[in-house]
Amino acid sequence: MSVVREIAAPSNQVATFDLLRVPALGRFLRWRYSRIAFQVPLLFVGMLMVAHAFWGPQLAPKNLAALLTWVHFRGLVVVVILLVGNLFCMACPFMLPRELARRWFHPRWNWPPALRNKWPAIVLFVFVLFVYELCDLWSDPWWTGVLIVGYFVAATVVDALFTGASFCKHVCPVGQFNFLGSALSPLEVAIRDKDVCTHCKTHDCIQGRRDHSGETDMSTLKRLPVIQRGCELELFQPNKVGNLDCTFCLDCVYACPHDNVGIMTRLPAAELTISGTRSGVGIFERRFDLTMLVTVFTFGAVLNAFAMISPVYALEQWAAGVTGLRVEWPILSGIFIVVLVLEPAIILGAAAAVTRWGVATREPILGVVNRFARSLIPIGFGIWLAHYGFHFFTGFLTVIPVAQNAVIQAIGQPLLGEPLWQLSGFSAAIVFPMQVGFMGLGLLGSWIVAAVIARDMSPTRTWSAFAPWAVVHALLFASAYWIMMQPMDMRGTFLGA
Amino acid sequence: MRFSTLGRAGLLIALALFAGCRKSASDTAAIKVDLTFAPSPPTVGKISATLTLAGKNNQPLSNVEVRLEGNMNHAGMKPSFADLSEEAPGRYVGTLDFTMGGDWFVLVTARLPDGGRLERKIDVLGVQAR
Ligand code: SF4
Ligand code: SF4
Ligand SMILES: [Cu+2]
């Protein structure tokens, strides 16, 4: 039996802190152009990165595109999600050219129903992880630049053709990463008072606000010009649960005529314990595409970290020896299939089988997997944090000498001073305990979420339902811990040296 | 494997834009640069580096100021530097610190007695983690 809990209504439960009520900051954030104010500086940084990628030195450690993408951007995304929320999507510069394009192109099509899910994003997510390893993107400024430009083009084209935020919701792999990760964030865009929504007639937060000045016939409403759009991600505030699919774009905040939407504090990961229908998402525990997204997110975290230590070269060499292959892509594909498909299928399938047996249910195995899938998010995010946090915390200061060097190379004058190459970041000895802490928190979060899901599934045999998943989480933690213990060995050569 | 053809094309464009119009004082392209490490293959830690410089007809080049800068292929890591001293004619030695296992490259910069400057990038792949 499953217990579907009441949809969270933060303001009616506990007194929460609302970021939009903070004096100056709140006022600024409620201002209609606050999002653009964040996007413009990032667009500027993005353009500098692209320029440096194509015309700067083709040495990753001296190139701003490679450095800022693979050390700072990735590191800051996970750290900011952990400490605040999905601020990268909020400040996403890829959305600016799209806004501009929409002044001329009014998207005519709705996103195809067959693709109204996460499958396109899952394919792209795996594709990016694969290309990253195959082409050693981290060591290649030029291709990093191509990736950034490709992203701008893809976002603009998709959203020029299709209505709503089709790119964010169904295509963008970074967005999906942020959506899943921000389940662990302390902040959430949510309503302040449920009653206000109950009495609301216009639902501007989802419908958008139209200019009906001088218009009295409300039947023509749909044809009036939109002066403030509603949620393009199809999240209807009073029924919205958690951060999944929310880009923090604040359109709902700008649109609500009753000033009833805030950015509220809440207990991180608690949203993962909520079952039932979510606005714009449906029922998480019945969506196999979400299960697959979570799986790729979690096992991909292990794979991406595994690719940075020596045993992966031993493994590739061994596979090359056995198969006689001299090119990397088939071997890498094999590793990807094993880690992202076979391994999860076996491990999650086995856990579900044991749970079924433990609680004596007839629910199909896949149903049980779908139910528990979201308990993987905290440990998966913990592993990403540990890995990207490592690069970020050990190297965040390197941007200073690299920028100083770039200025010298570009204009021949040390305007920012001579490069301080001795700057790097914290030593690995300090960062390692942080990594273990991140993963430990992730493990704890996964256990708590799984325990609640298990209780909902079987109030009488909670432990039998929970135990197999606790083992899965512990296994993920142990393998990631082992990886982080290994000396880093960042190679890009296959069968080289 | 890398998609290096286009990458190289990009690099060439970049080089052409950045350095294309500058002519070097002396013809350094003919200079032979050879960098070796002990132990070989190199391991993580401070290890000894030996660089030999030879000009036309393999005659050793003396009195050159030589500096090595080791970097990882991955961004975000502190580079290590080494100023080499001449141990025998055309043979320069020093210590370079490989702080992490993986793929490195070493930038060799040398100031020749005639005032010319020599710059080379030498890949040092697979520094062994310990
Ligand atoms: S959030 Fe605002 S616009 Fe949306 S239903 Fe509630 S009161 Fe209405
Ligand atoms: S409009 Fe939708 S995506 Fe944007 S902040 Fe509000 S709920 Fe999130
Ligand atoms: Cu890494």
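Residues numbered from 1 in each chain as written. Chains lettered and ligands numbered in written order. Predicted model: local features only at pLDDT ≥ 70, side-chain atom pairs only at ≥ 80, totals over all residues. Heavy atoms only, no water.

In this section: the overall build of chain A. Along its length, chain A carries 21 helices and seven strands. Here the C-alpha atoms of chain A give a radius of gyration of 24 Å, agreeing with the 23 Å that 2.2 N^0.38 yields for 497 residues. Here the C-alpha coordinates of chain A stretch approximately 75 × 70 × 40 Å along the principal axes. Taken over 497 residues, chain A has a buried fraction of 56%. (Helix = DSSP H or I, 4+ residues; strand = E, 2+ residues; numbered from the N terminus. Rg over C-alpha atoms; globule rule 2.2 N^0.38 Å. Buried < 20%, exposed > 50% of the residue type's maximum accessible area, 1.4 Å probe, protein only.)

All names here are of chain A. Looking at where Asn-63 falls in the secondary structure, it is placed in the loop between α3 (34–55) and α4 (64–83). Its relative accessible area of 0% is what places Asn-63 among the buried residues. With sequence-adjacent residues up to four places away left out, Asn-63 is seen in contact with His-52, Ala-53, Gly-56, Pro-57, Gln-58, Pro-141 and Val-402. (Contact = heavy atoms within 4.5 Å.)

Looking now at the coordination of the copper ion (ligand 3). Residues and elements named next belong to chain A. Summarising the metal site, the copper ion (ligand 3) is bound by the protein donors Met-308 (SD), His-387 (NE2) and His-391 (NE2), whose distances to it range over 1.6 to 2.0 Å. Every donor residue of the copper ion (ligand 3) comes from the same chain, spaced as M-x78-H-x3-H. With Met-308 in the loop between α14 (288–306) and α15 (311–323) and His-391 in helix α18 (residues 377–395), the pair connects residues that are 83 residues apart, well separated along the chain. His-391 carries the same exposure label as Met-308, and that label is buried. (Donors = N, O, S within 2.8 Å, 3.2 Å for Na, K, Ca; no water.)

This part takes up the confidence of the model for chain B. Residues and elements named next belong to chain B. In the predicted model, chain B carries a mean pLDDT of 80, and the fraction of residues at 70 or more is 79%. Per-element confidence in chain B ranges from a low mean pLDDT of 44 for helix α1 (residues 4–19) to a high of 94 for strand β5 (residues 91–98). In this model, residues 6–25 is a region of pLDDT below 50 whose contacts with residues beyond four sequence positions or in other chains number 19 contacts. Two numbers describe this predicted complex: its pTM, 0.88, and its ipTM, 0.75. (pLDDT = per-residue confidence, 0-100.)

Residue and element names in this part refer to chain A. Of the volumes computed, that of the second largest pocket is approximately 1200 Å³. Together, 32 residues line the second largest pocket, and Glu-99, Arg-102, Val-226, Arg-229 and Glu-232 are the ones closest to its centre. Only α3, α6 (95–104), α12 (204–207), β3 (226–228) and α13 (251–255) provide two or more residues apiece to the lining of the second largest pocket. Considering every element that reaches the lining of the second largest pocket, the biggest residue donor is α6, with six residues. Each of two domains, domain 1 (32–185 + 278–485) and domain 2 (190–273), supplies a minimum of three residues to the lining of the second largest pocket. (1 Å grid on protein atoms, 1.4 Å probe; cavity = no way out; pocket = protein on both sides within 12 Å on 5 of 7 lines; lining within 4 Å. Points joined across faces, edges and corners; volume = space filled by probe spheres on them. Domains from an automatic or database assignment.)

Quick look at a nonpolar patch on the surface now. All names here are of chain A. Taken together, the side chains of Leu-25, Phe-28, Trp-31, Tyr-33, Ile-36, Phe-38 and Val-40 present a nonpolar region at the surface, about 600 Å² in accessible area. Residue assignment for the nonpolar patch shows that the elements contributing at least two residues are α2 (23–30) and α3. Per-element accounting of the nonpolar patch gives the leading share, three residues, to α3. Here Leu-25 is to be found in helix α2. Assessed through its relative accessible area of 39%, Leu-25 is described here as partly exposed. (Patch = residues over 30% accessible without salt bridge, like charges linked within 9 Å, V, L, I, M, F, W, Y side chains within 5 Å. Areas by Shrake-Rupley, 256 points an atom, 1.4 Å probe, with all protein chains shown as cover. Salt bridge = Lys/Arg side-chain N within 4 Å of Asp/Glu carboxyl O.)

Taken together, the 44 residues of chain A in the interface contact 34 residues of chain B. In total, about 3100 Å² of surface goes out of reach between chain A and chain B, with carbon and sulfur atoms giving 67% of it. On the chain A side of the interface with chain B, the three residues burying the most area are Trp-55, Pro-61 and Met-490 of chain A, jointly 18% of the side's total. Summed over the shared surface of chain A and chain B, the result is one salt bridge. The partner of Lys-62 of chain A in a salt bridge is Glu-69 of chain B, and the shortest N-O contact between them spans 2.4 Å. The interface formed by chain A and chain B contains one residue pair in polar contact (both at pLDDT 80 or more). Every element with two or more residues in the side of chain A that touches chain B is listed here: α3, α4, α7 (119–134), α8 (141–161), α18, α19 (399–411) and β7 (489–490) of chain A. Looking at the side of chain A that touches chain B residue by residue, the classes come out as 24 nonpolar, 13 polar and seven charged. (Buried area = accessible area lost by both parts, 1.4 Å probe. Polar contact = N/O pair within 3.5 Å; in protein donor to acceptor, adjacent residues only side chain to side chain. Nonpolar A, V, L, I, M, F, W, Y, C, P; charged D, E, K, R; others polar.)

So, about the domain arrangement of chain A. Residues and elements named next belong to chain A. The domain architecture assigned to chain A consists of domain 1 (32–185 + 278–485) and domain 2 (190–273). Once you take the C-alpha centre of each, domain 1 and domain 2 turn out to be 28 Å apart. Contacts between the two partners involve 35 residues from domain 1, matched on the other side by 26 residues from domain 2. Where domain 1 abuts domain 2, roughly 2800 Å² becomes buried across the two surfaces, and 55% of that area is made up of carbon and sulfur atoms. The largest per-residue losses of area from domain 1 upon contact with domain 2 belong to Arg-32, Arg-278 and Ser-279, which jointly make up 22% of the total buried on that side. Between the two partners, domain 1 and domain 2, sit seven salt bridges. A salt bridge links Arg-116 to Glu-234, with the nearest nitrogen and oxygen atoms 3.5 Å apart. Our count for the domain 1 to domain 2 interface comes out at 24 residue pairs in polar contact (both at pLDDT 80 or more).

With that settled, consider the packing of helix α17 (residues 365–373) of chain A against helix α20 (residues 428–457) of chain A. All names here are of chain A. Here α17 crosses α20 at 135 degrees, and the two axes come no closer than 9 Å. By the angle class used here, α17 and α20 are oblique. Within the contact between the two elements, α17 uses Val-368, Arg-371 and Phe-372 and α20 uses Ala-450, Ile-453, Ala-454 and Met-457. Of the residues in the contact of α17 with α20, the class split is six nonpolar, no polar and one charged. (Axes fitted to C-alpha atoms, helices over the stretch in contact; angles between N-to-C directions. Parallel < 35°, antiparallel > 145°, perpendicular 65-115°, else oblique.)

This part is about the packing of aromatic side chains. Residues and elements named next belong to chain A. Under the criterion given, the structure shown has 30 aromatic pairs over all chains. An angle of 5 degrees between the planes, with centres 4.8 Å apart, marks the rings of Phe-372 and Trp-469 as stacked. Residue Phe-372 is located in helix α17, and its partner Trp-469 is located in helix α21 (residues 462–485); the two are separated by 97 residues in the primary sequence. Seen from their ring centres, Phe-477 and Tyr-481 are 6.1 Å apart, and the 20 degrees between their planes marks the pair as stacked. Highlighted residues: Phe-477 and Tyr-481, both in helix α21, separated by four residues, approximately one helical turn. With a relative accessible area of 31%, Tyr-481 lands in the partly exposed category. Joined through ring pairs, the aromatic side chains of Phe-28, Trp-31, Tyr-33 and Phe-38 make up one cluster. In this structure, Lys-62 packs its charged tip against the face of Trp-421, placed 3.8 Å from the ring centre. The ring of Phe-284 carries Arg-374 above its face, with NZ or CZ at 5.8 Å from the centroid. (Phe/Tyr/Trp six-rings, centres within 6.5 Å; stacked < 30°, edge-to-face > 60°. Lys NZ or Arg CZ within 6 Å of the ring centre and 35° of its normal.)

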